[in-house]
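Chain by chain, the residues run as shown.
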Amino acid sequence: QVQLVESGGGYVQAGGSLRLSCAASGRTVSSYAMGWFRQAPGKEREFVAAISWRGGSTYNPDSVKGRFTISIEYAKNTVYLQMNSLQPEDTAVYYCGADTRGFYSGINGINYWGKGTLVTVSS
């Protein structure tokens, strides 16, 4: 079992920044791969960023590369998503997810999800 709790969402103007947090707990947190995903109303959930808990490679799709950065603060068992240069199209519920296999292979590999945190970007 793993529990994921997101926080840090809010309302910002275009061009602004937010940092989302995902507090993780579980028996073997250190073996997980972690990811951030987002879903806007009427749209499919999409991949935003992923990282190995052990400090391996990070991954971003082209849509957010150069703007969003995923990282881990190990002392707090927390995964962050730093979002810069936010645009209205970034508005969505952002979800933290875990792949307990320890590597990220795609959204279908996520087997634990947080409840999400809402990010709203105004123009």
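Computed from a prediction, not measured in an experiment: that's the story for all the values here.

Caption draft 1: Just the nonpolar core, in detail. Ranked by size, the top nonpolar core spans 29 residues in total, and within it Met-34, Trp-36, Val-79, Leu-81, Met-83 and Tyr-94 carry the most contacts. Looking at this core, the elements with two or more residues in it are strand S1 (2–7), strand S3 (18–26), strand S4 (33–39), strand S5 (46–52), strand S7 (68–73), strand S8 (78–83), strand S9 (92–99) and strand S11 (117–122). Residues in contact with Val-79, not counting those within four places in the same chain, are Leu-20, Ser-21, Cys-22, Met-34, Trp-36, Ile-51, Trp-53, Ile-70, Ser-71 and Ile-72.

Caption draft 2: Here's a closer look at the pattern of salt bridges. For the coordinates displayed, the defined rule picks out 5 salt bridges. Notably, a salt bridge pairs Asp-62 with Lys-65, separated by 3.6 Å at the nearest N-O pair. Summarising the burial analysis for this pair, Asp-62 and Lys-65 share the class exposed. In this structure, the salt-bridge partner of Arg-101 is Asp-99, at a minimum N-O distance of 2.7 Å. Linked through salt bridges whose partners overlap, the residues forming this network are Arg-38, Glu-46, Arg-67 and Asp-90.

Caption draft 3: Main features of unusual backbone geometry. A positive phi angle, close to 50°, is found at Asn-77, a residue other than glycine. In this structure, Ser-85 takes a positive phi of about 50° despite not being glycine. In this fold, Ser-85 is placed in the loop between S8 and S9.

Caption draft 4: Seen up close, the packing of aromatic side chains. For the structure shown, the criterion picks out 5 aromatic pairs. Note on Phe-37 and Tyr-104: the rings are 6.0 Å apart at their centroids and 50° apart in plane angle, and the pair reads as tilted. Taken together, the residues span a long stretch of sequence, with Phe-37 in strand S4 and Tyr-104 in the loop between S9 and strand S10 (112–113) at a distance of 67 residues. Three or more aromatic residues joined by ring pairs make a cluster, and in this case those are Phe-37, Phe-47, Tyr-95, Tyr-104 and Trp-113. Sitting above the plane of the Tyr-80 ring, Arg-19 keeps its charged end 4.1 Å from the centroid. Directly above the ring of Trp-113 sits Arg-45, whose terminal nitrogen or CZ lies 4.5 Å from the centroid.

Caption draft 5: Expanded view of the sheet that holds S1. Spatially, S1-S3-S8-S7 is the arrangement adopted by the 4 strands of the open sheet, whose pairing is antiparallel. The two strands at the open ends of the sheet, each matched to only one other strand, are S1 and S7. Going from strand to strand, the sheet's axes swing by 20° on average, the running direction of each strand aside. Two elements, S3 and S8, share 6 bridges in a ladder whose sense is antiparallel. Within the sheet, the bridge partner assigned to Cys-22 lies in S8 and is Val-79.

Definitions and limits used
- Residues numbered from 1 in each chain as written.
- Predicted model: local features only at pLDDT ≥ 70, side-chain atom pairs only at ≥ 80, totals over all residues.
- Heavy atoms only, no water.
- Core = buried A, V, L, I, M, F, W, Y, C linked by side-chain atoms within 4.5 Å.
- Buried < 20%, exposed > 50% of the residue type's maximum accessible area, 1.4 Å probe, protein only.
- Helix = DSSP H or I, 4+ residues; strand = E, 2+ residues; numbered from the N terminus.
- Contact = heavy atoms within 4.5 Å.
- Salt bridge = Lys/Arg side-chain N within 4 Å of Asp/Glu carboxyl O.
- Phe/Tyr/Trp six-rings, centres within 6.5 Å; stacked < 30°, edge-to-face > 60°.
- Lys NZ or Arg CZ within 6 Å of the ring centre and 35° of its normal.
- Pairing = 2+ DSSP bridges.
- Axes fitted to C-alpha atoms, helices over the stretch in contact; angles between N-to-C directions.

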